[in-house]
Amino acid sequence: MPKRALIRLLLGFRQFREKFFLGDDSTYSRLSTSGQVPKTLLIGCSDSRVDPAILSGAGPGELFVVRNVANLVPPYEAGGGYHGVSAAIEFAVVNLRVENVIVLGHRQCGGIRALMFPEQTQAGGFVQRWMRIAEPARIRALEFTGSGDPNELWRYCELESLRTSI
Ligand SMILES: [Zn+2]
């Protein structure tokens, strides 16, 4: 038997279908005919509190979204490996021809906290390795915040990490 949290999601999906899917002139009927034509690529954090569509009020077809821990954009790398963020950016820019690219950061980011305070994260885990992308932001935060206050460091690094991604 599904747990309460899953039942709530299933009911939400039912409402979504009724609102956007049913009928010949439904939103998804039109989107399936025209294809997606989003004007904006948004790179956001996986954090459950910062869903881009909820925050912006965007409807189906409006945002092309990439979400990962701490809304990071890895550096360009040719060659082997699986580059999910790069693939999404390439698709949005080359195929969909989006007009805007937004990197959406947020306060109290757990990924940035893991970067600034690695002793609070699983040693050698995927999060620590992933967050190395934002190492320049960590260095700048340590250089430019004078007080050593953990919250100030965390906040400063969240902002610097956005600059690094952009
Ligand atoms: Zn985050």
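Residues numbered from 1 in each chain as written. Predicted model: local features only at pLDDT ≥ 70, side-chain atom pairs only at ≥ 80, totals over all residues. Heavy atoms only, no water.

Quick look at the sheet that holds strand β1 (residues 40-45)
Ordered in space as β2-β1-β3, the three strands form an open sheet in which the pairing is parallel. One side of each edge strand has no neighbouring strand; the edge strands of this open sheet are β2 (63-68) and β3 (100-104). Mean inter-strand twist for the sheet, computed between neighbouring axes without regard to direction, equals 15°. Sheet analysis places β1 next to β2, joined by six bridges and oriented parallel. Each bridged residue has a counterpart across the sheet, and for Gly44 the counterpart in β2 is Arg67. Strand contacts of helix α4 (residues 84-95): β1 and β2, with the helix running at about 170° to β2, the strand carrying the most contacts. (Pairing = 2+ DSSP bridges. Helix = DSSP H or I, 4+ residues; strand = E, 2+ residues; numbered from the N terminus. Axes fitted to C-alpha atoms, helices over the stretch in contact; angles between N-to-C directions. Contact = heavy atoms within 4.5 Å.)

Things to note about the coordination of the zinc ion
All of the protein donors around the zinc ion are Cys45 (SG), His106 (NE2) and Cys109 (SG); their distances to the metal are 2.1 to 2.2 Å. Sequence positions of the residues that donate to the zinc ion give the spacing C-x60-H-x2-C. On the criterion of sequence distance, the pair formed by Cys45 in strand β1 and His106 in the loop between β3 and α5 (110-116) is long-range, its members being 61 residues apart. The class of Cys45 is buried, set by a relative accessible area of 5%. (Donors = N, O, S within 2.8 Å, 3.2 Å for Na, K, Ca; no water. Buried < 20%, exposed > 50% of the residue type's maximum accessible area, 1.4 Å probe, protein only.)

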